[in-house]
Amino acid sequence: MSQTKFRVGQGWDTHRIVAGRPLVLGGITIPSEFGLEGHSDADVVSHAITDALLGAIAAGDIGMHFPDTDPGWKGADSLKFLKHACALAREAGYWIENVDSTVILERPKLKDYRLAIRESLAGAMELPVDAVSVKFKTAEKVGPVGEGLSAEAQAVVMLVRD
Ligand code: C5P
Ligand code: MG
């Protein structure tokens, strides 16, 4: 890793909506009639942030570190993946300056859970809450997210070193 002062990373993820699974976002289970399909807990925003962190240090992607073929990760708490990516960023000599993320999901309404999700993510990442932003968008009823078939999340992170 070069000694450059700033590194930026972006992440994106999507999961299919299914009945009979919890809707977990940033480690918080949101009351919902449906959840997200996935090998792990399918926490789409934690996955996007994890990929953003890995991207910032050019350390591959989440599937490389936590293959979905590994039975050990079945039903896994995705905050574990996020914690691992934070540790790798810090081992590379960086602190995490801030994280910004967007969850794109038609329903349920998520805004009442914003602070809980931010606090949960910040706790896992060992960051102050004001370093972690979580935004919510519908897809305006257009495309797979808009039709209620899937959820998406996007994230960017900024890493800094002395
Ligand atoms: O997608 P749209 O711009 O219509 O979203 C309007 C607001 O609704 C957003 O600012 C967001 O805070 C909130 N929202 C939400 N839960 C969602 C989607 C959007 O609380 N699933
Ligand atoms: Mg995922």
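Residues numbered from 1 in each chain as written. Chains lettered and ligands numbered in written order. Predicted model: local features only at pLDDT ≥ 70, side-chain atom pairs only at ≥ 80, totals over all residues. Heavy atoms only, no water.

(A) Local environment of the nonpolar core. Ranked by size, the top nonpolar core spans 45 residues in total, and within it Leu25, Ile49, Leu53, Met125 and Leu159 carry the most contacts. When residues in this core are grouped by element, the largest group, 8 residues, is from helix H1 (residues 44–56). In terms of nonpolar packing, the next biggest core, distinct from the first, is built from 5 residues, Ile62, Phe66, Ala76 and Phe81 among them. (Core = buried A, V, L, I, M, F, W, Y, C linked by side-chain atoms within 4.5 Å. Buried < 20%, exposed > 50% of the residue type's maximum accessible area, 1.4 Å probe, protein only. Helix = DSSP H or I, 4+ residues; strand = E, 2+ residues; numbered from the N terminus.)

(B) Fine view of the site of ligand 1. Looking at ligand 1, the residues that line it are Leu105, Pro108, Lys109, Leu110, Lys111, Arg114, Phe136, Lys137, Thr138 and Glu140. Contact between ligand 1 and leucine 110: a nitrogen atom at 2.9 Å from a main-chain N or O atom of the residue. In the environment of ligand 1, an oxygen atom lies 2.6 Å from a nitrogen or oxygen atom belonging to the backbone of threonine 138. A total of 460 Å² of accessible area belongs to ligand 1 in isolation, and the protein chains cover 74% of it. Residues of the shell around ligand 1, tallied by class, amount to 4 nonpolar, 1 polar and 5 charged. (Near = heavy atom within 4 Å. Polar contact = N/O pair within 3.5 Å; in protein donor to acceptor, adjacent residues only side chain to side chain. Areas by Shrake-Rupley, 256 points an atom, 1.4 Å probe, with all protein chains shown as cover. Nonpolar A, V, L, I, M, F, W, Y, C, P; charged D, E, K, R; others polar.)

(C) Seen up close, the packing of aromatic side chains. Scanning the entire structure with this criterion turns up 3 aromatic pairs. For the pair phenylalanine 66 and phenylalanine 81, a centre-to-centre distance of 4.3 Å together with 25° between the ring planes defines the contact as stacked. In this pair, phenylalanine 66 sits in the loop between helix H2 (62–65) and helix H3 (79–91) while phenylalanine 81 sits in helix H3, placing the two residues 15 residues apart along the sequence. An identical accessibility class is assigned to phenylalanine 66 and phenylalanine 81; each is buried. Members of the aromatic cluster, each reached through a chain of ring pairs, are Phe66, Trp73 and Phe81. When the ring centre of phenylalanine 6 is taken as reference, the NZ or CZ atom of lysine 5 above it lies at 5.6 Å. (Phe/Tyr/Trp six-rings, centres within 6.5 Å; stacked < 30°, edge-to-face > 60°. Lys NZ or Arg CZ within 6 Å of the ring centre and 35° of its normal.)

(D) Seen up close, the pattern of salt bridges. For the structure shown, the criterion picks out 3 salt bridges. A salt bridge links arginine 16 to glutamate 37, with the shortest nitrogen-to-oxygen separation between them at 3.7 Å. One end of the pair, arginine 16, is in strand S1 (residues 6–19); the other, glutamate 37, is in the loop between strand S4 (34–36) and H1, with 21 residues separating them in the sequence. Given a relative accessible area of 41%, glutamate 37 falls into the partly exposed group. Residue aspartate 100 pairs with lysine 135 through a salt bridge whose shortest N-O separation is 2.9 Å. With aspartate 100 in strand S5 (residues 95–104) and lysine 135 in strand S6 (residues 132–137), this residue pair connects regions lying 35 residues apart in the sequence. (Salt bridge = Lys/Arg side-chain N within 4 Å of Asp/Glu carboxyl O.)

(E) Local environment of the layout of surface pockets. Approximately 240 Å³ is the volume found for the largest pocket. In terms of lining residues, the largest pocket is bounded by 16 residues, among which His47, Ile62, Gly63, Phe66 and Asp68 are the most central. Contributions of two or more residues to the lining of the largest pocket are made by S1, H1 and H2. Grouping the constituent residues of the lining of the largest pocket by class yields 7 nonpolar, 6 polar and 3 charged. (1 Å grid on protein atoms, 1.4 Å probe; cavity = no way out; pocket = protein on both sides within 12 Å on 5 of 7 lines; lining within 4 Å. Points joined across faces, edges and corners; volume = space filled by probe spheres on them.)

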